[in-house]
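# Report on the structure
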Amino acid sequence: MTKREKETLKKLSKKQLIYLIENFRNSQCLIGEVCVDESKQHIDSKSAVNKIRDYIYNMPSLYDVTNLKAYIDMKMKKISITKYRSIIGLD
């Protein structure tokens, strides 16, 4: 983990940090299940890679603390999608 990522994590509230940890843990479990399904040949490799990409894409970035906080708050239903979009500059 980079110094910048550590600094970003230090700026999160306890609830935001717990949400983030749960999100990463859930993604790890889902990725593990995809790997097991592929190894048992329940799904093909291409589908497995696509599912793993989707799970990784759904993990929030630690790059910008303002965007990360807003994203977590939106996911926790503390702010609306409209408010989130205005914070990250889409509106």
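Structural data are supplied above this passage.
Structural notes, computed from the coordinates. These numbers come from a predicted model, not from an experiment.

## With respect to the state of the cysteines
Scanning the entire structure with this criterion turns up 0 disulfides. No disulfide involves Cys29; its nearest neighbouring cysteine sulfur is the one of Cys35, lying 12 Å away. Judged by relative accessible area, Cys29 falls into the partly exposed class, the value being 42%. By relative accessible area, which is 41% here, Cys35 ends up partly exposed.

## Considering the side chain of Thr8
Residue placement: Thr8 occurs in helix 1 (residues 3–10). Judged by relative accessible area, which is 4%, Thr8 ranks as buried.

## Examining the environment of Tyr71
Considering the arrangement of structural elements, one finds Tyr71 in helix 4 (residues 65–75). Of the residues examined, Tyr71 reaches a relative accessible area of 15% and is grouped as buried. Sequence spacing of Tyr71 and Met1 is 70 residues, and the spatial spacing of their C-alpha atoms is 20 Å. In this view, Tyr71 contacts Asn58, Pro60 and Tyr84; residues no more than four positions away in its chain are not counted.

Conventions we followed
- Residues numbered from 1 in each chain as written.
- Predicted model: local features only at pLDDT ≥ 70, side-chain atom pairs only at ≥ 80, totals over all residues.
- Heavy atoms only, no water.
- Disulfide = S-S within 2.5 Å.
- Buried < 20%, exposed > 50% of the residue type's maximum accessible area, 1.4 Å probe, protein only.
- Helix = DSSP H or I, 4+ residues; strand = E, 2+ residues; numbered from the N terminus.
- Contact = heavy atoms within 4.5 Å.

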